[in-house]
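Working through the structure, step by step
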Amino acid sequence: MVISMEKKVYITEEERTKCQKVADAFAELYKMADSSIKQGKALSMTGVFLLSKKI
């Protein structure tokens, strides 16, 4: 019989909010890239820069 003690790690609400902002920014970036690819355009570094300012 093996007994294991799992260590649970919790994050604060502030950390969760920051992580969600990063996740949302990446989701938007992927959406922009997907849209650009479908339109035959390249995602510019300006778009990436502007998106990074939201975080």
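For the structure, check the block above.
Read on for a plain summary of the structure. (Residues numbered from 1 in each chain as written. Predicted model: local features only at pLDDT ≥ 70, side-chain atom pairs only at ≥ 80, totals over all residues. Heavy atoms only, no water.)

Turning our eyes to something else, we now look at the overall build of the protein. Of regular secondary structure, the protein possesses 2 helices and 0 strands. Relative to its 55 residues, the protein shows a buried fraction of 9%. (Helix = DSSP H or I, 4+ residues; strand = E, 2+ residues; numbered from the N terminus. Buried < 20%, exposed > 50% of the residue type's maximum accessible area, 1.4 Å probe, protein only.)

Moving on, we get to the pattern of salt bridges. According to the stated counting rule, one finds 2 salt bridges in the structure shown. Note that Arg16 is salt-bridged to Glu13, the shortest N-O span being 2.8 Å. Taken together, the residues span about one helical turn, with Arg16 and Glu13 both in helix H1 (residues 13-38) at a distance of 3 residues. Residue classification places Arg16 among the partly exposed positions, given a relative accessible area of 39%. Where Lys18 meets Glu14, a salt bridge forms, and the shortest distance between an N and an O atom there is 3.5 Å. (Salt bridge = Lys/Arg side-chain N within 4 Å of Asp/Glu carboxyl O.)

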